[in-house]
Each structure stands twice: as structure tokens, then as C-alpha cells.
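Breakdown of the fold
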Amino acid sequence: MPNRILKESICTSPNIEGLTWFEEVCFYRLLVQCDDYGRLDARPLFLRSRLFPLKDDIDAATISSAVARLEAAGLIATYTAADQPFLEVCKWS
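Everything numeric in this text was worked out from a predicted model, so none of it was measured. (Residues numbered from 1 in each chain as written. Predicted model: local features only at pLDDT ≥ 70, side-chain atom pairs only at ≥ 80, totals over all residues. Heavy atoms only, no water.)

1. Observations concerning the overall build of the protein
Applied cut-off: A run of DSSP states H or I qualifies as a helix once it reaches four residues; a run of E qualifies as a strand once it reaches two. Both are numbered from the N-terminal end. Each residue's exposure class comes from its accessible area (1.4 Å probe, protein chains only) as a fraction of the maximum for that residue type: buried when under 20%, exposed when over 50%, partly exposed otherwise.
Along the backbone of the protein there are four helices and three strands. Starting at the N terminus and walking to the C terminus, you meet the elements of the protein as α-α-β-α-α-β-β. Referenced to the eigenvectors of the C-alpha coordinate spread, the extents of the protein come out at roughly 35 × 30 × 25 Å. The buried share of the protein, reckoned over its 93 residues, is 32%.

2. A few points about the pairing of strand 2 (residues 76–81)
Basically, it comes down to this: Two strands pair if DSSP finds at least two bridges between them.
Sheet topology places strand 2 next to strand 3 (residues 84–89); six bridges connect them, and they run antiparallel. Bridge pairing in strand 3 places Thr80 opposite Pro85. As consecutive antiparallel partners, strand 2 and strand 3 are separated by two residues, and within that stretch Ala82 has a phi angle of approximately 55°, a positive value.

3. So, the environment of Thr78
Counted only if it meets this: We call two residues contacting when some pair of their heavy atoms lies within 4.5 Å. For this analysis, a polar contact is any N or O atom pair within 3.5 Å, provided that within protein one partner can donate a hydrogen and the other can accept it, and provided that sequence-adjacent residues contribute only side-chain to side-chain pairs.
In this structure, Thr78 sits in strand 2. Sequence spacing of Thr78 and Ala68 is ten residues, and the spatial spacing of their C-alpha atoms is 8.8 Å. The contacts of Thr78, once residues within four sequence positions are left out, are Val67, Glu71, Phe86 and Leu87. Within the structure, the side chain of Thr78 is placed 2.9 Å from the side chain of Glu71, a separation counted as a polar contact.

4. Description of the sheet that holds strand 3
Put simply, the rule reads: For helices, the fitted axis covers only the stretch in contact; all axes are lines through C-alpha atoms, and the angles between them, taken along N-to-C directions, range from 0 to 180 degrees.
As summarised here, the arrangement of the three strands in space is 1-3-2, forming an open sheet in which the pairing is antiparallel. Here the strands that pair on one side only, and so sit at the sheet edges, are strand 1 (39–41) and strand 2. Neighbour to neighbour, the strand axes of the sheet diverge by 30° on average, direction disregarded. Helix 2 (residues 21–33) contacts strand 1, strand 2 and strand 3 of the sheet and is inclined by roughly 100° relative to strand 3.

Written out as C-alpha cells, the structure is:
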């Protein structure tokens, strides 16, 4: 998987600023897990296993809540394909 480079403007982004620390960490971890088109399986248990593989105290409900907040902030969009949830990072390109 290719490396991802973040611009320093992420530190002053109003979209990021409105997040909790946990939601912000989720977003950064999503960025390094997405495919080349900025998309990723959005099943909560899958995300939990990919984003926080070593943290047993984070559950699927916490991940679902963070995903909803990231979508509300305009950072990601969720959709369904073949009866499975996916997410896409907005402004990926």
C-alpha cells in the first residue's frame, strides 16, 4: 500500500477542529487504510479491526459513532454496494 502524505493545513482545518480527539485519530487511521481511490469497507467490526487492532477497549459502537461524526463533518461519505457498507474519503484526489 502506498504511503500517504498529509499537508500541514490539516492542523488548521475547521472540519478537523470540530472533531473529538478520538474522531480525529479515526480519520487519520482511515487515511492509511483506504485503497487508492479513498474507499474502505465500512462495517464497524472491520473498521475496528483495521483501525485499532491492538486496542481491546474500543468497540464497534464507538467506531460507528465516529464514522457518523466524520460524515457529518464532511470528511467522508458512506454508501452501500452489494448490500455492504463502504466509505469514501471526500476530496481524496
